[in-house]
Amino acid sequence: MKLSEIIEKINAEVVYLKEDCDILHGCTGDLLSMVMKNAKSDSIWITVQNHVNIIAVASMVGIKAVVLCEGLEYSPDTIEKAKEEGISLLKSNESSFVVSGKIYSLGIL
């Protein structure tokens, strides 16, 4: 499914959009080591972590987009690093649980 479709369906706010890429998988988690272990390439990552280290993890794993939940904000350093690495950044006021459920209902596993 195209990232633009996911953004529309979950009503996410775009902070930075690298490209309208295909998203094949999803991952929800806040412990970076677990995301590194379990996430797949071409994923969308749902989290409440907003620091710059999430971009390093996303880049290493091949995650294409991060959704920051609970109405939290990305730090300026995180946004800048995401632009350098080509990782799209999204935001939602909803909980990780709700956002994950919405993405799962779209057929993203």
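Residues numbered from 1 in each chain as written. Predicted model: local features only at pLDDT ≥ 70, side-chain atom pairs only at ≥ 80, totals over all residues. Heavy atoms only, no water.

Looking at an unreviewed UniProt entry, one finds the chain named Diphthamide synthase (EF-2-diphthine--ammonia ligase), with Thermosipho japonicus as its source organism.

(A) Seen up close, the UniProt feature "domain: DRTGG" (unreviewed entry) in the chain. What UniProt calls "domain: DRTGG" (unreviewed entry) maps, in this numbering, to residues 6-104. A distance of 10 Å separates the end C-alpha atoms of residues 6-104, which is 40% helix and 21% strand. (UniProt positions renumbered as here; feature names shortened; annotations may be inferred. Helix = DSSP H or I, 4+ residues; strand = E, 2+ residues; numbered from the N terminus.)

(B) Region of interest: the pairing of strand 5 (residues 88-91). Along strand 5, one buried face is formed by Ser 88 and Leu 90 and the opposite face, lined by Leu 89 and Lys 91, is buried too. As defined by bridge partners, strand 1 (residues 13-16) adjoins strand 5 across three bridges and the pair is classed as antiparallel. Paired with Glu 13 across the bridge in strand 5 is Lys 91. Here strand 4 (residues 65-68) runs beside strand 5; their pairing, made up of four bridges, is parallel. (Buried < 20%, exposed > 50% of the residue type's maximum accessible area, 1.4 Å probe, protein only. Pairing = 2+ DSSP bridges.)

(C) Inspection of the sheet that holds strand 3 (residues 43-47) at higher detail. Overall, mixed pairing links the five strands, which are arranged 1-5-4-3-2 in an open sheet. Lying at the two open borders of the sheet, with one neighbouring strand each, are strand 1 and strand 2 (25-28). Strand-to-strand, the axes of this sheet are offset by a mean angle of 25°, without reference to chain direction. Sitting on the sheet, helix 1 (residues 3-10) is in contact with strand 1, strand 3, strand 4 and strand 5, with an inclination near 10° to strand 5. This element, helix 3 (residues 53-61), spans strand 3, strand 4 and strand 5 of the sheet and lies at about 155° to strand 3. (Axes fitted to C-alpha atoms, helices over the stretch in contact; angles between N-to-C directions. Contact = heavy atoms within 4.5 Å.)

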